[in-house]
Amino acid sequence: MEFGRISAPGWPLDRFQHFLRSASVPQEKPSTPDVEDPPPYLTVENLLGRQRKVYLETYGCQMNVNDTEIAWSILQKSGYLRTSNLQEADVVLLVTCSIREKAEQTIWNRLHQLKSLKSKRLRSRVPLRIGILGCMAERLKEEILKREKTVDILAGPDAYRDLPRLLAVAESGQQAANVLLSLDETYADVLPVQMSPSATSAFVSIMRGCDNMCSYCIVPFTRGRERSRPVASILEEVRKLSEQGLKEVTLLGQNVNSFRDNSEVQFNNAVSTNLSRGFSTNYKAKQGGLRFAYLLDQVSRIDPEMRIRFTSPHPKDFPDEVLQLIHERDNICKQIHLPAQSGSSRVLEAMRRGYSREAYVELIHHIRESIPGVSLSSDFIAGFCGETEEDHLQTVSLLQEVQYNMGFLFAYSMRQKTRAYHRLKDDIPEEVKLRRLEELITVFREEATKANRTFVGCTQLVLVEGLSKRSATDLSGRNDGNLKVIFPDVEMEDVTNSGLRVQAQPGDYVLVKITSASSQTLKGHVLCRTTLKDSAAYC
């Protein structure tokens, strides 16, 4: 287990050596506040939260949401309490993102605000401790500790089990850090604690890290090598979520559909799954293990009334068995996120994506033939290294050709450590990047509006999430394709209880007839409350 360094200014040598020994091998942490083998410089009581209150802020992707739930689960078992009031917090933890410079600048700005809060802390209270968790802690390490003395602890994405110890060390007034990346940490035995008790959906991490090494991407350097959770632990977590009444689960991973569980010896001789036609990898082909199609099948069988989604996949890992399963299983959403990044084969090669525009478009056609009515979303980067105006126009034409239902578009932000940083030149002026980004956004919205208007006049099954943010008289939810649907909060028939009139609640399935559409939202009028199983007759 390497790929990282420890930064711990001011630590005595015996503490630092003990830390290196304890962090160099996987360790099971106890599920209770009792710690069997504390470091020699700490007592068991030092590792307990003693009801200190923790305030958590999450920035960035869905993986960070899940990381927040994992971190809180660990701290809760150590005796910490959670607060949603920043002013009463004893510990403030920021779960951070490093994917773009803007994301990191947001954290630097937030730390400046927290510095003021820390300095005004009453001496009668315990000192306020501030921690940086996740990708930014992993990427910047020493810079954070040197630049921001207000930061007490750093914990990389694979070091959340160590939070009680890091906080205990910080109590002595020293900065503490663990930014070691692991080859095997998946937190399989840590049950995440939902941050919102009223939530109707949840994220379930099935793998961590990434081996794709796309030239622009920092993820392999902040989250480490790819490793998958054992299938059994994933199924157990989904079962518990079903028992809690949740109606939707999203399987998470940096490259979710390359999932490969090699934890059981008997599965290690299984043959590898073929890549999508015309796609290649930047790493040696992997063999054996239980693959994503098997996991998706097993997860979808747990609760027929629970919707199953997954993100974020890589286009290379869509074998026919996955597409067929999505088509056949009613509770697997007919929605696929298919990150393209560019419409130019030349730029795609520079990005090390492992496919050409032609191969990508062929895959799009194959998916639409395999899953009629599928909703598609994608990611695009404007202004990558060496991108010409012609390259940009090819991306514009891809948006027009595919007509995605949803999209996530960003200007390129070069990250240190990436292959692009070492081998390519960030030669597109910022104003050109932003102009190209605006053009992509405009075209995407035009095409998404066209695509979403095909829903007008159709009946959609919607999972109710709650009140609309823009109207207290409307409800909001999402259809199978993950599009937001707005409809009036009125009484309706309950088809499962003949003659009963009800008003929809979060977690209910309702049928909505769509009357209008934009690039981001569908609107309609509600027909009835139903179940996922019964809805098939109407949709």
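Rules of the game
Residues numbered from 1 in each chain as written. Predicted model: local features only at pLDDT ≥ 70, side-chain atom pairs only at ≥ 80, totals over all residues. Heavy atoms only, no water. Helix = DSSP H or I, 4+ residues; strand = E, 2+ residues; numbered from the N terminus. Buried < 20%, exposed > 50% of the residue type's maximum accessible area, 1.4 Å probe, protein only. Contact = heavy atoms within 4.5 Å. Areas by Shrake-Rupley, 256 points an atom, 1.4 Å probe, with all protein chains shown as cover. Pairing = 2+ DSSP bridges. Axes fitted to C-alpha atoms, helices over the stretch in contact; angles between N-to-C directions. Phe/Tyr/Trp six-rings, centres within 6.5 Å; stacked < 30°, edge-to-face > 60°. Lys NZ or Arg CZ within 6 Å of the ring centre and 35° of its normal. Core = buried A, V, L, I, M, F, W, Y, C linked by side-chain atoms within 4.5 Å. Lys, Arg positive; Asp, Glu negative; His and termini not counted. Salt bridge = Lys/Arg side-chain N within 4 Å of Asp/Glu carboxyl O. Polar contact = N/O pair within 3.5 Å; in protein donor to acceptor, adjacent residues only side chain to side chain. Disulfide = S-S within 2.5 Å.

Trainee: What am I meant to see in the overall build of the protein chain here?
Mentor: Secondary structure assignment for the protein chain yields 16 helices and 23 strands. Relative to its full complement of 539 residues, the protein chain shows a buried share of 57%. Sequence-distant contacts, at least 24 apart, represent 74% of the contacts inside the protein chain between residues at least 6 apart. Surface accessibility of the protein chain: about 23600 Å² in total, with carbon and sulfur atoms responsible for 49%.

Trainee: Sorry, what's going on with the sheet that holds strand β10 (residues 248-252) here?
Mentor: The strands that make up a sheet pair up through hydrogen bonds in the backbone, lying either parallel or antiparallel. Taken in spatial order, the three strands line up as β7-β10-β13 in an open sheet, and their pairing is parallel. Only two strands of the sheet have a single partner each, and these edge strands are β7 (201-205) and β13 (307-311). Between one strand and the next, the sheet's axes are offset by a mean angle of 25 degrees, whatever the strand orientation. Sheet topology note: the β7/β10 ladder contains five bridges and is parallel. Among the inter-strand pairings, Ser-201 is bridged to a residue of β10, identified as Glu-248. Along the sheet, helix α9 (residues 292-302) contacts β10 and β13; its crossing angle with β13, the most-contacted strand, is approximately 155 degrees.

Trainee: Please clarify how the sheet that holds strand β4 (residues 129-134) should be interpreted in this entry.
Mentor: Strand order in this open sheet of six strands is β2-β1-β3-β4-β5-β6, and the pairing throughout is parallel. Looking at strand neighbours, the two that pair on one side only are β2 (81-82) and β6 (176-178), the edges of this open sheet. The pairing of strand β1 (residues 53-58) with β2 spans two bridges and is classified as parallel. Looking at β2, one finds that Lys-53 is bridged to Leu-81.

Trainee: Looking at this structure, how should I read the packing of aromatic side chains?
Mentor: Here a ring pair, both rings aromatic, is described through the centre-centre distance and the interplanar angle of the planes. This model, assessed by the stated rule, comprises eight aromatic pairs. Ring geometry for Tyr-160 and Tyr-187: centres 5.7 Å apart, planes at 20 degrees, overall stacked. Of this pair, Tyr-160 sits in the loop between β5 (153-155) and α6 (163-170) while Tyr-187 sits in the loop between β6 and β7; the two residues are 27 residues apart in sequence, bridging distant segments of the chain. Tyr-187 shares its class with Tyr-160; the two are buried. Between Phe-310 and Phe-318, the aromatic rings sit 6.4 Å apart at their centres with planes inclined by 45 degrees, giving tilted as the arrangement. The two residues Phe-310 and Phe-318 agree in class, both being buried. Each residue in the set Tyr-216, Phe-384 and Tyr-412 is aromatic and connected to the rest through ring pairs, giving one cluster. A cation over a ring is seen here: Arg-100 above Phe-410, with NZ or CZ 3.6 Å from the ring centre. In this arrangement the basic side chain of Arg-147 is found over the ring face of Trp-108, its NZ or CZ atom lying 3.6 Å from the centre.

Trainee: Before we go on, may I ask you to explain unusual backbone geometry in this structure?
Mentor: Peptide bonds are, in most cases, trans, and in most cases residues other than glycine have a negative phi. Each neighbour pair has its own omega, and for Thr-311 with Ser-312 the value is 0 degrees, a cis peptide bond. Note on placement: Ser-312 falls in the loop between β13 and α10 (320-328). The phi dihedral of Arg-352 falls on the positive side, at around 60 degrees, and the residue is not glycine. Structurally, the position occupied by Arg-352 is in the loop between α11 (345-351) and α12 (357-370). On the basis of relative accessible area, Arg-352 is assigned to the partly exposed category, the value being 23%. The phi torsion at Asn-482 lies on the positive side, around 75 degrees, for a residue other than glycine.

Trainee: Help me out: how do you make sense of the nonpolar core in this one?
Mentor: Grouped burial of nonpolar side chains is what soluble globular proteins tend to show. Ranked by internal contacts, the top residues of the largest apolar core, which has 59 residues, are Leu-251, Phe-292, Leu-295, Leu-296, Ile-336 and Tyr-404. Ignoring any residue separated from it by four or fewer positions in sequence, one finds Leu-296 in contact with Leu-251, Ile-308, Phe-310, Val-322, Leu-325, Ile-326 and Ile-332. Membership of the second largest hydrophobic core comes to 25 residues, among which are Ala-71, Val-91, Ala-170 and Met-195.

Trainee: Explain the side chain of Asp-261 to me, please; I cannot follow it from the model alone.
Mentor: If you trace the backbone, Asp-261 turns up in strand β11 (residues 260-261). One buried charged side chain, Asp-261, makes no salt bridge at all; its nearest oppositely charged neighbour is Arg-229, positioned 9.4 Å away. Within the structure, Asp-261 has its side chain in polar contact with the side chain of Ser-263 (distance 2.6 Å). When residues no more than four places from it in sequence are discounted, the contact partners of Asp-261 are Ser-228, Arg-229, Pro-230, Val-231, Gly-289 and Leu-290.

Trainee: Explain the state of the cysteines here, please?
Mentor: Think of a disulfide as a covalent bridge from one cysteine sulfur atom to another cysteine sulfur atom. Taken as a whole, this structure holds zero disulfides when the rule is applied. Here Cys-214 stays free of any disulfide, with the sulfur of Cys-217 as its closest cysteine sulfur at 6.2 Å.

Trainee: Explain the pattern of salt bridges here, please?
Mentor: Side-chain pairs of opposite charge can arise where the charged atoms are in close proximity. For the coordinates displayed, the defined rule picks out 41 salt bridges. Residues joined by salt bridges that share partners form a network here, namely Arg-52, Lys-118, Arg-129, Asp-152 and Glu-171.

Trainee: Looking at this structure, I do not really get the pairing of strand β20 (residues 491-494). What am I missing?
Mentor: The two faces of the sheet receive side chains in turn, since in a regular strand these alternate between them. Direction of pairing for β20 relative to strand β21 (residues 501-503): antiparallel, over a ladder of three bridges. Its bridge partner lying in β21, Glu-491 is registered against Gln-503. Once β20 ends, the chain turns through six residues before running back antiparallel as β21, passing Gly-499 with a positive phi of about 90 degrees. Two elements, β20 and strand β23 (residues 521-530), share two bridges in a ladder whose sense is parallel.

Trainee: What am I meant to see in the environment of Arg-357 here?
Mentor: Mapping Arg-357 onto the fold places it in helix α12. Take Arg-357: its relative accessible area is 14%, and that puts it in the buried class. Arg-357 has contacts with Gly-343, Ser-345, Leu-348, Gln-394, Ser-397, Leu-398 and Glu-401, leaving out every residue within four places of it along the chain. Within the structure, Arg-357 has its side chain in polar contact with the backbone oxygen of Gly-343 (distance 3.0 Å).

Trainee: When you look at the environment of Val-65 in this model, what are you seeing that I'm missing?
Mentor: Among the structural elements, Val-65 can be located in helix α2 (residues 62-77). As for Val-65 and Phe-203, which are separated by 138 residues in sequence, their C-alpha atoms are 7.9 Å apart. Setting aside chain neighbours within four positions, we find Val-65 in contact with Thr-58 and Phe-203.

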